[in-house]
Amino acid sequence: MNNKKNKKKETKVLCPRCGTEFAIAEKEYTTVATVVGKNSGLGVVYPAVAKQDASTNSPKLPKTAQDRIEALRNAGVDVSCLFAMRGANGGECVASNKDGKLVILNDNDPLFSYIIEQGTVPNRRLFRRWVMAQMFHMMSYTSYRSKEPLGVTEMIHRLGYEYEWKMLMNELYAQMKMENKDPESFIERNRWFNINVVAVMANDYISQLRERVDALKERKCKGISYKKVGGRDIFVSDLEYKLYNPLKMAMMKIKKSKNAAQLYYAAKDFNDMRIKMPSGTTQCGLWVDAYKGAGAFFTMQNLIRFHNCVAYDDAGNRLDKVQSLDFILIKAEMYKNGEGWRLLAVLKKMLADNNIDIKKKMASWRK
């Protein structure tokens, strides 16, 4: 018992940021705010860390071949043709078997260079890339009758009412596929298009359908009033039972959804029984707001990741890449509940702060 009490704990010096253990010589000492020896009995010591430069925080190329493949997968790159190989001397490498051609990817391959230099692998098929192109188009489009851009709101309205349901179903299907496989991306996208937005859209549709049906001309069949709704002849007395109640039940199913798969199929059931509305029908306000919020968020994320843009915080301080991504994430959380439109202002400020001319940027992409 006495030996256990008197036994000194082995001293370790750990970095509070990454947990790296500092080496301490057996018979020497290391100065870390105090003199620390191997058998000083101080236990675990966390030294203060000085401000690190950009090179310290820059991403490092993963050591193992499998980790490199995973890094590419996480960045959205198709890695179906890649596999890890181990040589006879124990070394590892990444190989590609695309189109039947076996190629060994060197450490200086452009894909790996992007991991090191930017921390992100560019891929034109990434969701955020498509979103940014569309947002820039909406922000810059000018009709031949006007010298000023029409604006994002007007451009969204021009997409028509049915577009909101087409877009929603595609989005919910994508979320269903990624909920378990890519939870980080799922959270980012579900922030904007989620059960609350779908339920409000369904309720908004039912309200607008009522207004449309109420405005229809009544016809008579053997003295009984009926209306032609979506190609169906429905007695006025049966409208509630045959037309609205099934939609209400489908909407309740949406509200009771517990995961992305249930939400997708509940929304699909509702959408399948919908009667198509005229293009000029007013779009659901919450969907429009979510569309603006998601568009602005993913555009800013793309600008920071791939176009060397940074954000300035509310005090005017210039942020680095990692801080900029955190900043827009905080803003997204602040404005996710019906205030996504505010992110458009944040996006416009970022463009101005980084001297980005949208039309010139789009012109360079066309080349």
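Placed above this text is the structure.
Here is what the cut-offs are and how they apply
- Residues numbered from 1 in each chain as written.
- Predicted model: local features only at pLDDT ≥ 70, side-chain atom pairs only at ≥ 80, totals over all residues.
- Heavy atoms only, no water.
- Helix = DSSP H or I, 4+ residues; strand = E, 2+ residues; numbered from the N terminus.
- Expected span 1.5 Å × (residues − 1).
- Bend = angle between axes of the 7 residues up to and from the residue.
- Buried < 20%, exposed > 50% of the residue type's maximum accessible area, 1.4 Å probe, protein only.
- Contact = heavy atoms within 4.5 Å.
- Phe/Tyr/Trp six-rings, centres within 6.5 Å; stacked < 30°, edge-to-face > 60°.
- Pairing = 2+ DSSP bridges.
- Axes fitted to C-alpha atoms, helices over the stretch in contact; angles between N-to-C directions.
- Core = buried A, V, L, I, M, F, W, Y, C linked by side-chain atoms within 4.5 Å.

S.K.: Help me understand helix α10 (residues 239-255) in this model?
M.R.: For an α-helix the count is 3.6 residues per turn, leaving residues at separations of three or four pointing the same way. In a regular helix each residue adds 1.5 Å, so 17 residues correspond to 24 Å; α10 covers 23 Å between its end C-alpha atoms and thus fits that length. In the structure, α10 departs most strongly from a straight axis at Asn245, where the bend amounts to approximately 35 degrees and where the proline Pro246 lies between one and four residues downstream. Looking only at α10, the buried set comprises Leu239, Leu243, Tyr244, Leu247, Ala250, Met251 and Ile254. Contact partners of the buried residues in α10: α9 (195-214), β10 (224-229), β11 (232-235) and α11 (260-273).

S.K.: Can you help me understand the packing of aromatic side chains in this one?
M.R.: By convention here, two paired aromatic rings are described through the distance between centres and the angle between planes. Summed over all chains, the structure comprises nine aromatic pairs. Judged by centre distance (5.8 Å) and plane angle (80 degrees), the ring pair of Tyr205 and Phe270 falls under edge-to-face. With a gap of 65 residues between them, Tyr205 in helix α9 and Phe270 in helix α11 connect regions that are remote in the sequence. Both residues of the pair, Tyr205 and Phe270, count as buried. Seen in terms of ring centroids, Tyr264 and Tyr265 are 5.0 Å apart; in terms of plane orientation they differ by 70 degrees. Their pairing is edge-to-face. Given a relative accessible area of 47%, Tyr265 falls into the partly exposed group. Site record: aromatic cluster; members linked through ring pairs are Tyr163, Trp287 and Tyr291.

S.K.: Honestly, the sheet that holds β11 in this entry has me stumped. Any pointers?
M.R.: Strands in a sheet are paired, the pairing made by backbone hydrogen bonds, and the direction either parallel or antiparallel. Read from one edge of the open sheet, three strands run β9-β10-β11, paired in antiparallel fashion. Edge positions in the open sheet fall to β9 (219-221) and β11, since each of these has one partner strand only. Each neighbouring strand pair of the sheet contributes to a mean axis angle of 45 degrees, computed without reference to strand direction. With three bridges connecting them, β9 and β10 associate as antiparallel partners.

S.K.: Explain the nonpolar core here, please?
M.R.: Proteins that are soluble and globular tend to have nonpolar side chains buried together. Formed by 75 residues in total, the largest nonpolar core has its most connected members in Trp192, Phe193, Tyr205, Phe270, Trp287, Leu343 and Leu347. Ranked by the residues each element gives to this core, the list is headed by helix α12 (residues 285-306), at 11 residues. For Leu343, the residues in contact, after removing those within four places along its chain, are Trp192, Gly293, Ala296, Phe297, Met300, Lys331, Ala332 and Tyr335. One finds Ile69, Leu72, Leu82 and Val94 within the second-largest nonpolar core, a separate group that totals seven residues.

S.K.: Explain the pairing of β11 to me, please; I cannot follow it from the model alone.
M.R.: Walk down a regular strand and you will see the side chains alternate between the two sheet faces. The pairing of β10 with β11 spans four bridges and is classified as antiparallel. Considered in β11, the bridge of Lys227 is made with Ile234. Once β10 ends, the chain turns through two residues before running back antiparallel as β11, passing Gly230 with a positive phi of about 55 degrees.

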